[in-house]
Amino acid sequence: MSDHQLAGDHHPSPASAVTTALGPLLLLPSELLHDILIRLALPELLRVRSVARPLSHVISSPDFRRLYHLSSASSGPGPAAAWLLVFKKLRPRDAALRGFHGPSGRWFRIPVSAILAPAVPPGEDLYFLAASGSSFLFAANGRRELVVVDLSAHAARRLPPSPLGPRGTSSWRRFGLKLVADPPGSSQFRFLFAELVNNSAFLFEYQSETDTWQSSEAVQAEGASAAAGPDGTFLCAAHAGPDCVMVYSGPGVERPVFFRPRFPHNQNGGGGGADRLHVYGDGRAAVVRSMVIDEPSRTRVKVVAGVDLYGLGSVGGDWQLVSTVPGELIEGFRKPYAVMTGLLSEREGVVRLVLISNCRGAWDIVWLSYDLAHGEWRWVPVPDWGTKGLNMAGIAVSSTFSRLWPPAAPPCSRSQ
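Residues numbered from 1 in each chain as written. Predicted model: local features only at pLDDT ≥ 70, side-chain atom pairs only at ≥ 80, totals over all residues. Heavy atoms only, no water.

### A short note on the overall build of the protein
And step 1. A count of helical and extended segments in the protein gives eight helices and 26 strands.
And step 2. Within the span of the protein, comprising 416 residues, buried residues form 50% of the whole.
And step 3. At a minimum sequence separation of 6, the contacts of the protein that also span at least 24 residues come to 56%.
And step 4. Accessible area for the protein stands at about 19,000 Å²; split by element, carbon and sulfur atoms hold 51% of it. (Helix = DSSP H or I, 4+ residues; strand = E, 2+ residues; numbered from the N terminus. Buried < 20%, exposed > 50% of the residue type's maximum accessible area, 1.4 Å probe, protein only. Contact = heavy atoms within 4.5 Å. Areas by Shrake-Rupley, 256 points an atom, 1.4 Å probe, with all protein chains shown as cover.)

Following this line, the structure appears as structure tokens:
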């Protein structure tokens, strides 16, 4: 399955030919024209803006941009409301991000090698950590530093070392870090990560506006307190199966606090069985229960038997069962796998769970979401785009990528 490109050279048609082809479309009422354009994925919209000058002023207008942002923010609880971003390692200077857009059911290629070139030496080993808004964060293993790509500015720069000093890619844990566009919609961001240092929990925060780091030692939470505020941040400082150390900062506490939530003993999440995968993120935990199946090959394979979602009722409290994925939904994506990992995030009342598995060199991605207000699970099948033998180097979910609006109009063309 081919993917589509976000950026690159293209050869637009002559303006007169484009105007002629768009003639009937331009005669439509503005409300209907907006309704058509707003259904396009961001890369498609930017390409239309770059090759169809008669529509450029419509797409670039503040009213349409505001409408598109609102539509992106409220496009529903399913995985379609966000982007799934995967970093694929290729030959040096040819690395690329690929983004899956649920509404269109297609993958888009987001070349980053040219943007990274001024900040990353040839042959550097990169790993994709996180994304928010127009910012994409990478860890460089050779130089042991962080590099951020600003897609809207088409620029990359290195971050100063954290208070823990230079760190390789293996030092960064997905469950313990978070990238936040701050303020929302801007190119400024905050990067937070939690870590155990000499058995003490610490929270580290980088602010792009000042280009500085801050560190705070977390204090132990004194029992369960009030529920976390919407602007609070939960990070997992350490974990081993069902045992984890959570760090919280935000409303309700004067300084970061840490605690060790426990799963209910009478629930599926309790215990650390070999066939249970625990995924943490944003104050949530997903427990993926699997069972071994008989295969004629020597490879030990399993299939997913159930998925349970847990939440923290309060800061300092224990895990509470929120919901279980319906069995009929699991049947839709049940496939044999040998190894599996995952990521979990929550934004605007929607919890998103991504499970990445591998079996005999073939990758499979399962994307689920849970609407907290309506108690509804959704699954959107993610089509394969040639993942056999894929050298995957990082994956992230971003619900703010569709709100990205570069000041320039990079073309979007179909890749061959």
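### What to know about the sheet that holds strand 23 (residues 362-371)
And step 1. Spatial strand order, 21-22-23-24: four strands in an open sheet with antiparallel pairing. On the outer flanks of this sheet lie strand 21 (339-347) and strand 24 (376-379), each paired with one strand and no other. Within this sheet the neighbouring strands show an average axis-to-axis angle of 20°, counted without direction. (Pairing = 2+ DSSP bridges. Axes fitted to C-alpha atoms, helices over the stretch in contact; angles between N-to-C directions.)

### Notes on the confidence of the model for the protein
Low pLDDT marks regions whose predicted coordinates should not be analysed in detail.
And step 1. Averaged over every residue, the pLDDT of the protein is 80; the share at 70 or more is 78%.
And step 2. At the low end of the mean pLDDT range in the protein sits strand 26 (residues 412-414), at 38; at the high end sits strand 11 (residues 200-207), at 97.
And step 3. For residues 7-19, every residue scores under 50 in pLDDT, and the model assigns this stretch 15 contacts once sequence neighbours within four places are set aside.
And step 4. Predicted confidence is poor over residues 269-273, with pLDDT under 50, and the contacts of this stretch with residues over four places away or in other chains come to twelve contacts. (pLDDT = per-residue confidence, 0-100.)

### Looking at the pattern of salt bridges
And step 1. Under the criterion given, the structure shown has 16 salt bridges.
And step 2. With a shortest N-O distance of 2.6 Å, Arg-334 and Glu-331 are connected by a salt bridge.
And step 3. On the basis of relative accessibility, which here comes to 28%, the residue Arg-334 falls in the partly exposed class.
And step 4. Glu-376 serves as the salt-bridge partner of Arg-378, at 3.3 Å between the closest nitrogen and oxygen. (Salt bridge = Lys/Arg side-chain N within 4 Å of Asp/Glu carboxyl O.)

### Things to note about the sheet that holds strand 17 (residues 276-281)
And step 1. Read across the sheet, four strands follow the order 17-18-19-20 without closing on themselves; strand pairing throughout is antiparallel. Strands with a single pairing partner mark the edges of an open sheet, and in this sheet they are strand 17 and strand 20 (319-324). Across the sheet, the mean angle from the axis of one strand to that of its neighbour is 30°, orientation sign disregarded.
And step 2. Pairing geometry for strand 18 (residues 284-293) and strand 19 (residues 301-312), over ten bridges, is antiparallel. Looking across to strand 19, one finds that Arg-284 is bridged to Gly-311.

### Looking at the nonpolar core
And step 1. Counting residues in hydrophobic clusters, the biggest one holds 36 residues, and the most contacted among them are Tyr-280, Val-304, Trp-319, Leu-353 and Leu-368.
And step 2. The greatest single-element share of this core, amounting to five residues, is contributed by strand 19.
And step 3. Sequence-distant contacts of Val-304, defined by excluding residues within four places in its chain, comprise Val-288, Arg-289, Ser-290, Ile-330, Phe-333, Arg-334, Tyr-337 and Met-340.
And step 4. Among the nonpolar cores identified, the runner-up in size contains 23 residues, and Phe-87, Ala-131, Phe-136 and Phe-138 belong to it. (Core = buried A, V, L, I, M, F, W, Y, C linked by side-chain atoms within 4.5 Å.)

### Describing helix 3 (residues 30-37)
And step 1. Taken together, the buried positions of helix 3 are occupied by Leu-33, His-34 and Leu-37. Taken around the axis of helix 3, the buried residues stretch over an arc of 100°, which confines them to a single face. (Arc of directions from axis to C-beta.)

### Side note on unusual backbone geometry
And step 1. Here Arg-144, not a glycine, exhibits a phi torsion of approximately 55°, which is positive.
And step 2. Taking relative accessible area as the criterion, Arg-144 reaches 42% and is therefore assigned partly exposed.
And step 3. Its identity is not glycine, yet His-154 carries a phi of approximately 55°, on the positive side.
And step 4. If you trace the backbone, His-154 turns up in the loop between strand 7 (145-150) and strand 8 (155-158).

### Description of the environment of Tyr-370
And step 1. Within the secondary structure layout, Tyr-370 lies in strand 23.
And step 2. Put simply, Tyr-370 and Ser-323 are 47 residues apart on the chain and 8.7 Å apart in space, counted from C-alpha to C-alpha.
And step 3. Setting aside residues up to four positions removed in sequence, Tyr-370 forms contacts with Leu-309, Val-322, Ser-323, Gly-349, Val-350, Val-351, Gly-375, Glu-376 and Trp-377.

### Some remarks on helix 5 (residues 53-60)
At 3.6 residues per turn, the α-helix brings residues three or four places apart onto the same side.
And step 1. Three or more residues of helix 5 are buried, namely Pro-54, Leu-55, Val-58 and Ile-59. Along the long axis of helix 5, the arc covered by the buried residues comes to 120°, so they all point the same way. Turned more than 90 degrees away from the buried face of helix 5 sit Arg-53 and His-57, all of them exposed.

### Observations regarding the packing of helix 3 against helix 5
And step 1. Two numbers describe how helix 3 lies on helix 5: the axes approach to 11 Å, and their chain directions differ by 90°. As the angle between them shows, helix 3 and helix 5 are arranged roughly perpendicular. From helix 3, Leu-33, His-34 and Leu-37 reach across to helix 5, where they touch Leu-55, Val-58 and Ile-59.
And step 2. The residue inventory of the contact of helix 3 with helix 5, partitioned by class, reads five nonpolar, one polar and no charged. (Parallel < 35°, antiparallel > 145°, perpendicular 65-115°, else oblique. Nonpolar A, V, L, I, M, F, W, Y, C, P; charged D, E, K, R; others polar.)

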